[in-house]
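Per-entry structural report
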Amino acid sequence: MASAIAAATAPPTGAQHSVLLLRRANDYLAATLRARYRVLSFYDSGAPLPAFLAASAALEPEPPRAALVVGGGAIRLDTAFLDAAPYLRCVVTTAAGLDHVDLAECARRGVLVAGAGEVFSTDVADHAVGLLIDVLRNVSAADRYVRRGLWPVQGDYPLGSKLAGKRVGIIGLGSIGSSIAKRLKAFGCVIQYHSRRPKDGVSFGYFHDMISLATESDALIVVCALNDQTRHIVNKEVLGALGKDGVVVNIARGGNIDEAELISALREGKIAGAGLDVFEKEPVVPAEFFSMDNVVLTAHEAVFTTESGSDLCDLMIGNLEAFFDGRALLTPVLPK
Amino acid sequence: MESLGVLLLHPMNAYLEQELDRRFRLIRLWDSPPDARADFLRSNAAAIRAVVGNAGYNADSALIDALPALEIVASFSVGIDRVDLAKCRERGIRVTNTPDVLTDDVADLAVGLAIAALRKIPQADRYVRAGLWKAKGDYTLTTRFSGKRVAILGLGRIGLAVAKRAEAFDCSISYHSRSQKPFPNYRFFTNVVDLAANCDVLIVACSLNAETHHIVSREVIHALGPEGVLINIGRGAHVDEPELVSALFEKRLGAAGLDVFEHEPFPPEQLIGLDNVVLVPHVGSDTEETCKAMADLVLQNLEAHALNKPLLTPFSGKRVGIIGLGRIGLAIATRVEAFDCPVNYYQRTKKEYPNYTYYPSVVELAANSDVLVVACPLNEQTRHIVNREVIDALGPKGVLINIGRGPHVDEPELVSALVEGRLGGAGLDVFEDEPNVPEALFTLDNVVLVPHVGSGTHETRQAMADLVLGNLEAHVLKKPLLTPVV
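Below: a short report on this structure. Residue positions are given per chain, counting from 1 as you read along its sequence in written order. Lettering of chains starts at A and numbering of ligands starts at 1, both following the order in which they are written. Reporting in this predicted model follows two pLDDT cut-offs: at least 70 for local features of residues, and 80 or more for side-chain atom pairs to be given and counted; totals over whole chains, interfaces and linings ignore these cut-offs and use all residues. Neither water nor hydrogens contribute to the side-chain values; these are computed over all heavy atoms in the structure.

To continue, consider the sheet that holds strand 4 (residues 72–75) of chain B. All names here are of chain B. Read from one edge of the open sheet, five strands run 2-1-3-4-5, paired in parallel fashion. Since the sheet does not close on itself, it has two edges, and those belong to strand 2 (25–28) and strand 5 (94–96), each with one partner. Strand-to-strand twist in this sheet, taken as the mean axis angle between neighbours without regard to direction, amounts to 20 degrees. In what follows, a contact means two residues having at least one pair of non-hydrogen atoms within 4.5 Å. Angles run from 0 to 180 degrees between N-to-C directions of axes, and those axes are lines fitted to C-alpha atoms, restricted for helices to the stretch in contact. Helix and strand definitions follow DSSP, with helices as H or I runs of at least four residues and strands as E runs of at least two, each counted in order from the N terminus. Strands strand 1 (5–8), strand 2 and strand 3 (48–53) of the sheet are contacted by helix 1 (residues 14–23), whose axis makes an angle of about 130 degrees with strand 2. Each of strand 1, strand 2 and strand 3 touches helix 2 (residues 37–44); the most contacted strand, strand 2, lies at about 165 degrees to it. Strands were regarded as paired on the criterion that DSSP finds at least two bridges between them.

Put into structure tokens, the structure is as follows:
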């Protein structure tokens, strides 16, 4: 076991700090990390997680104080993890969401947490707008139509729906939600939102609850974090209130929408369409969606551009350096 | 009123067809089998006074020749490249199109296609539907749309709407058009190849005519390069399609998003298998809301024609821009409307004139007009209201008409613009230092000069004299003045 761990780490050079790497790293990230730190890679070790963490504790001259972890459910930074790695003082997460980190536990133990800041906001916002236009104007469906040779045979594609004047309800007006709002305003959309509390200095219409937001919206865009309060925040009642001409775009987490209810609402024509980048059990996507022409499906990729990859890498290194230098984190989630 | 006989060239919109049938005498061209078309047209020719066409099917030379009674072509489209304009002009046939109502939708689609092409949304959708996310893992990395350098070919209504949207994504904007426009934040290129070389995304948004046919040539595609993206929401013929196809196939061009093709409804076969292109079937203006608005414009234009009222969206005449829509300005508007000139105007406060297009500045008015007419009063704000910037915006094909006051125009600037050919021509009734007229104008072939004769008819001078006398008498007799200014 120890040898497997050792094999997965770079040889020590001088006073390099050690870092736990709890994600599959691409070449650029791996190379950048290895140039600066002694990297203990979980996936390369092939060991089960508890064993890996226990073995890391024995590392000379000091155990890894910082860990790089990705979201998406693969590894959860929960009580069990933190118990197995008490030497960890800083967690740097690369995901846009934080539902894989038990923030309360980290706070209790004084473990610092660095997030992805606003690195992803731009690309996620672009993707959300792309999905909304696609759903309303049938871009992907029309592309299929053309490639199947149906244009000369069946004639003009059925009409879509205009963006200008549409009331777009944004669920969660953080950095990403605000970026989406800025973009959609240029298309003549009316922006309104729901969040836990109204935001200061924001002129968009605020709705205290989801039903009234959905009733007064033509489109809903889910941009909120996933937690106990927001699980299934878009549920059967909300879909019903949105209505048969309404569309939903989800670039947050699959768990924000009651997927089964969404499928039946689409099937029964209770809403007009959906653009989905996330699903409840990725990478499994319910086959019911595949026969729907009014749904656009992408593979949890709203963040995945070369630009954000490189921005993220810079940010993670920046946070690690700040931690090891005893400076404030660049994008702290904890301490708040 | 005898019902207007309207020939509809192709099914294009159910509501439009239904209303044409209800309000006019509708003849459907496809009621005749293709091989009997000539006879069909001959037997209906006497009745057909109007034609309704669209982007794909319109009044070409042959059709116009077959319809001796044709008076108006009302196109269900903004682009009228398939209407034989020269022949229409020759025959005195009026032409209308559907500008403005579809601007937003087409601009939305242009940006939607750009995001789709860069972020590969339809391709990812295919990937998910084929079960490949589960089988093969994450889809490929793509490239960010925000912040890309966006270049627009043609900065008209649609081009401007595209620019406004792209700006919300922090894209920098550059453009090429026949003349520079008054948008200092947008970088102007006189050369399309240079434009392409200096951008990441090139969007075609100009009208199709002899000069813009294949404007996206092999050279331009080469300048765009293997990271570049072409978005075409104009006409298929804007692009050298075989060159485009091989460039995409060989990855000499990064990606494309195409709404239009040279031979619709047949996009090139080789594109169908490519992963670096998004293809949609000419849906730029295809929303319920917009198609209804377009149909209503067609119907209203036809009704206006039948009732001898001004057309709502005439294409046929020169665009006349009027500075100041007071009594004189409005009288000018009414007259030029009768020539099917679209009327634009600027004045301090915008009023509601449904058929006239308001511009918030004189420079923008000049940039969007062929003939600019000065018809406002002279005061501190309007002195030199026609300055160098305005003259440049009017451009080498533009014409200035001044029936206001000499000082409305920066005369030295006007003279040098005319001498150097930076302004197309002028008709001048007034001058800064009458009766002295700049001598440089005398030898020019592109100006008409008259010596402040605007009101110089016997009848009007008589009426003016009577007003002067009447005002003086009223004053003497302590009665209300007839035409007080102060």
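Moving on from the coordinates now.
Let's shift gears to the interface of chain A and chain B. Taken together, the 58 residues of chain A in the interface contact 58 residues of chain B. Note on chain A versus chain B: buried area summed over both sides is about 5000 Å², and carbon and sulfur give 59% of it. Computed with a 1.4 Å rolling probe, the buried area is the accessible surface lost when two parts are put together, summed over both parts. Among the residues of chain A in contact with chain B, Arg137, Arg147 and Trp151 of chain A are the three that bury the most area, contributing 17% of the side total. Here, a salt bridge means any side-chain nitrogen of Lys or Arg that lies within 4 Å of a carboxyl oxygen of Asp or Glu. Taken together, the links from chain A to chain B amount to eight salt bridges. Ionic pairing is found between Lys182 of chain A and Asp170 of chain B, a salt bridge with its closest N-O pair at 2.9 Å. Pairs of N or O atoms within 3.5 Å make up the polar contacts considered here, provided that, within protein, one atom can donate a hydrogen while the other can accept it, and that residues adjacent in sequence are counted only when both atoms are side-chain atoms. The tally of links from chain A across to chain B stands at 30 residue pairs in polar contact (both at pLDDT 80 or more).

Close contact between helix 7 (residues 121–137) of chain A and helix 5 (residues 103–119) of chain B brings their axes to 9 Å; oriented N to C, the two are set at 125 degrees. In terms of orientation, helix 7 of chain A and helix 5 of chain B fall into the oblique class. Crossing angle aside, the handedness with which helix 7 of chain A passes helix 5 of chain B is left-handed. Side by side, helix 7 of chain A and helix 5 of chain B meet where Asp123, Asp126, His127, Val129, Gly130, Ile133 and Arg137 of chain A of the first sit next to Asp105, Asp108, Leu109, Gly112, Ile115 and Arg119 of chain B of the second. With respect to orientation, any angle under 35 degrees is reported as roughly parallel, any angle over 145 as roughly antiparallel, any angle of 65 to 115 as roughly perpendicular, and every other angle as oblique. The handedness criterion is simple: a crossing whose near helix is rotated anticlockwise from the far helix by less than a right angle is left-handed, and one whose near helix is rotated clockwise is right-handed.

Residue and element names in this part refer to chain A. If you walk across this open sheet you meet the seven strands as 8-7-6-9-10-11-12, and the pairing is parallel. Looking at strand neighbours, the two that pair on one side only are strand 8 (205–206) and strand 12 (295–297), the edges of this open sheet. The pairing of strand 7 (residues 190–194) with strand 8 spans two bridges and is parallel. Bridge assignment links Tyr193 to a residue of strand 8, and that residue is Tyr206. Taken strand by strand, helix 7 contacts strand 6 (167–171), strand 9 (219–222), strand 10 (247–250), strand 11 (273–276) and strand 12, and its axis lies near 150 degrees from that of strand 10.

A word on the environment of Glu241 of chain B. Residue and element names in this part refer to chain B. Here Glu241 shows up in helix 11 (residues 241–249). Spatially, the C-alpha atom of Glu241 lies 42 Å from that of Tyr353, the residues being 112 residues apart in sequence. Here Glu241 is in contact with Phe261, Glu262 and Pro268, once residues within four sequence places are set aside. Of the polar contacts made by the side chain of Glu241, one reaches the backbone nitrogen of Glu262; its length is 2.8 Å.

To continue, consider the environment of Gly427 of chain B. All names here are of chain B. Structurally, the position occupied by Gly427 is in strand 18 (residues 425–428). For Gly427 and Asp60, which are 367 residues apart along the polypeptide, the C-alpha to C-alpha distance reads 35 Å. Residues contacting Gly427, with those up to four places away along its chain left out, are Leu400, Ile401, Asn402 and Val448.

Bringing a nonpolar patch on the surface into the picture now. Like-charged residues within 9 Å of one another, or nonpolar side chains (Val, Leu, Ile, Met, Phe, Trp, Tyr) within 5 Å, are grouped into patches, provided each residue has over 30% relative accessible area and no salt bridge. Using a 1.4 Å probe, the Shrake-Rupley method yields the accessible areas, and only the shown protein chains count as cover for residues. Where nonpolar side chains cluster on the molecular surface, the patch consists of Val448, Val450 and Val453 of chain B and spans about 220 Å² of accessible area. Mapped onto the secondary structure, Val450 of chain B falls in the loop between strand 19 (447–449) and helix 18 (458–476).

Ile180 and Leu184 of chain A together with Leu20, Val52, Leu202, Leu230 and Leu302 of chain B are the most contacted members of the largest nonpolar core, which has 150 residues in total. Counting residues per element, this core draws most heavily on helix 5 of chain B, which supplies eleven residues. When near neighbours in sequence (up to four residues on either side) are disregarded, Leu20 of chain B contacts Val6, Leu8, Arg25, Leu26, Val52, Leu299 and Leu302 of chain B. Phe207, Ala214, Leu220 and Val295 of chain A belong to the second largest nonpolar core, which has 36 residues in total. We define the nonpolar core as a collection of buried residues of types Ala, Val, Leu, Ile, Met, Phe, Trp, Tyr and Cys that are connected through side-chain atoms lying within 4.5 Å of one another. The cut-offs for exposure are 20% and 50% of the maximum accessible area for each residue type, with area from a 1.4 Å probe on protein chains only; residues under the lower value are buried, those over the upper are exposed, and the others partly exposed.

Each pair of aromatic rings taken from Phe, Tyr and Trp, with Trp reduced to its six-membered ring, is defined by centres within 6.5 Å and is described as stacked if the planes are under 30 degrees apart, edge-to-face if over 60, and tilted in the remaining cases. Tallied over the entire structure, the rule returns 17 aromatic pairs over all chains. In this structure an aromatic cluster arises from ring pairing among Tyr345, Tyr353, Tyr356 and Tyr358 of chain B.

For the rest of this paragraph, the subject is the pairing of strand 10 of chain A. Residue and element names in this part refer to chain A. Across the two faces of strand 10 the burial is the same, with Val247 and Val249 and Val248 and Asn250 all buried. As judged from the four bridges shared by strand 9 and strand 10, these two strands associate in the parallel manner. Among the inter-strand pairings, Leu220 is bridged to a residue of strand 10, identified as Val248. Looking down the strands as they point away from you, a crossover is right-handed if its path from the first strand over the helix to the second goes clockwise. The handedness of the strand 9 to strand 10 crossover, carried by helix 12 (residues 236–242), is right-handed. Traced from strand 10 through helix 13 (residues 259–267) to strand 11, the parallel crossover comes out right-handed.

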